[in-house]
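Structural characterization, general
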Amino acid sequence: MGLHLVIGNKNYSSWSLRPWIALRVANIPFDETVIPLYEPESPGQILKFSPAGKVPILIDGDVRVWESLAILEYLAERFPAAGLWPKDAAARAHARAIAHEMHAGFAALRSECSMNMWRPPAKRDLSGDAKADVKRIDDIWSGARARFAADGPFLFGAFSAADAMYAPVVSRFHTYAIDVGPESRAYMGAVMALPAWREWFGAALKEPWVMRNNEVDWPEVKRIQA
């Protein structure tokens, strides 16, 4: 049996995007199951795969891993040739630090700018806390690019688990037309140019499910045409 990834809506589920894009960019074969979130039957469907009751979930035979960062760590161990963490020890330590910072932080940005891939890009007012999150992420991206990324367009040159962790932030910054410096803007362009990104984005645009709490223009649902 091959790998099986259980995910939520591609339009909204930022945590699902993280392991999915890592698998795709690394050319690791897997099957996927999409469970739309916050539908009446969703909790029962998710609990069939994980006692945590949340997505994503990676199934590898008898092994079940939930939590996006734990899945990325498992994949890095299971497929070392994929290079999901940088080879250089200093770069690898830095990559893990910023990946964990993403996992644990930036609550204001997450709350005010939920991932919504089909929303046409447009600015919205941000709180001071969200602006501070944006500033910190801009610094993280430009700093990593300056120190470690001489050999490629991503945070550490080649695509890594750190890029997977920040992929939904790229989506948020694009959707809400958030201003960042030129180095971060170029980085966003590299991520959005990935075939894996385009595949996920195209599927997101075709989804029928609407989550009103993730639609900042509610009751209007603004959608890019697929």
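Residues numbered from 1 in each chain as written. Predicted model: local features only at pLDDT ≥ 70, side-chain atom pairs only at ≥ 80, totals over all residues. Heavy atoms only, no water.

Section: the overall build of the chain
- A count of helices and strands for the chain gives nine helices and four strands.
- Going from the N terminus to the C terminus, the chain shows its helices and strands as β-α-β-α-β-β-α-α-α-α-α-α-α.
- Relative to its length of 226 residues, the chain is compact, with a C-alpha radius of gyration of 17 Å against a globular reference of 17 Å.
- Seen through its C-alpha atoms, the chain measures out along the principal axes to roughly 45 × 45 × 30 Å.
- The burial tally for the chain puts 51% of its 226 residues in the buried class.
- Across the chain, contacts joining residues at least 24 apart in sequence account for 69% of those joining residues at least 6 apart.
- Roughly 10,500 Å² of accessible area belongs to the chain as shown, and the carbon and sulfur atoms make up 54% of that amount. (Helix = DSSP H or I, 4+ residues; strand = E, 2+ residues; numbered from the N terminus. Rg over C-alpha atoms; globule rule 2.2 N^0.38 Å. Buried < 20%, exposed > 50% of the residue type's maximum accessible area, 1.4 Å probe, protein only. Contact = heavy atoms within 4.5 Å. Areas by Shrake-Rupley, 256 points an atom, 1.4 Å probe, with all protein chains shown as cover.)

Here we look at the environment of P86
- Here P86 lies in the loop between α3 (68-78) and α4 (89-104).
- Not counting the four nearest positions on each side in its chain, P86 is found in contact with A91, R92, A95, F156 and S160.

A look at the domain arrangement of the chain
- Here the chain is described as being made up of domain 1 (3-82) and domain 2 (89-200).
- Using only C-alpha atoms to locate each centre, domain 1 and domain 2 end up separated by 20 Å.
- Taken together, the 20 residues of domain 1 in the interface contact 22 residues of domain 2.
- For the domain 1 and domain 2 pair, buried surface summed over both sides reaches about 2,100 Å², with 70% attributable to carbon and sulfur atoms. (Domains from an automatic or database assignment. Buried area = accessible area lost by both parts, 1.4 Å probe.)

Some points on the pairing of strand β3 (residues 57-60)
- Side chains of β3 alternate between two faces, with I57 and I59 and L58 and D60 buried alike.
- Where strand β1 (residues 3-7) lies against β3, four bridges are found, and the strand directions are antiparallel. The residue of β3 that forms the bridge with L3 is D60.
- Relative to strand β4 (residues 63-66), β3 is paired through four bridges, and the arrangement is antiparallel. (Pairing = 2+ DSSP bridges.)

A closer look at the nonpolar core
- If you look at the biggest cluster of nonpolar residues, it comprises 77 residues, and the most contacted ones within it are I21, W141, L155, F156, Y166, F173 and W197.
- No other element matches helix α7 (residues 161-175), which puts nine residues into this core.
- When residues no more than four places from it in sequence are discounted, the contact partners of W141 are L155, Y166, V169, V170, F173, S184, Y187 and M188. (Core = buried A, V, L, I, M, F, W, Y, C linked by side-chain atoms within 4.5 Å.)

Thoughts on the packing of aromatic side chains
- Tallying each qualifying case throughout the model produces eight aromatic pairs.
- Pairing W20 with W200 gives two aromatic rings, centres 5.1 Å apart and planes at 65°, and the pair type is edge-to-face. Of the two residues, W20 sits in helix α1 (residues 14-25) while W200 sits in helix α9 (residues 195-205), which places them 180 residues apart along the sequence. Comparing W20 with W200 shows no difference in burial state: the two are buried.
- Measuring from ring centre to ring centre gives 5.2 Å for F148 and F156, while their planes differ by 35°; the resulting arrangement is tilted. Each member of the pair F148 and F156 is classed as buried.
- Clustering of aromatic rings is evident, with ring pairs tying together W141, Y166, F173 and Y187.
- The ring of W15 is capped by R18, whose NZ or CZ atom sits 4.2 Å from the centre of that ring.
- Lying across the ring of W118, R223 places its NZ or CZ 3.4 Å from the centre. (Phe/Tyr/Trp six-rings, centres within 6.5 Å; stacked < 30°, edge-to-face > 60°. Lys NZ or Arg CZ within 6 Å of the ring centre and 35° of its normal.)

Observations concerning the layout of surface pockets
- One number sums up the size of the largest pocket: a volume of about 730 Å³.
- Forming the walls of the largest pocket are 25 residues, and the residues nearest its centre are W15, L37, Y38, K54 and V55.
- Of all the elements in the fold, those that place two or more residues in the lining of the largest pocket are α1 and α2 (42-47).
- A class-by-class count of the residues in the lining of the largest pocket yields eleven nonpolar, nine polar and five charged.
- Both of domain 1 (3-82) and domain 2 (89-200) provide at least three residues apiece to the lining of the largest pocket. (1 Å grid on protein atoms, 1.4 Å probe; cavity = no way out; pocket = protein on both sides within 12 Å on 5 of 7 lines; lining within 4 Å. Points joined across faces, edges and corners; volume = space filled by probe spheres on them. Nonpolar A, V, L, I, M, F, W, Y, C, P; charged D, E, K, R; others polar.)

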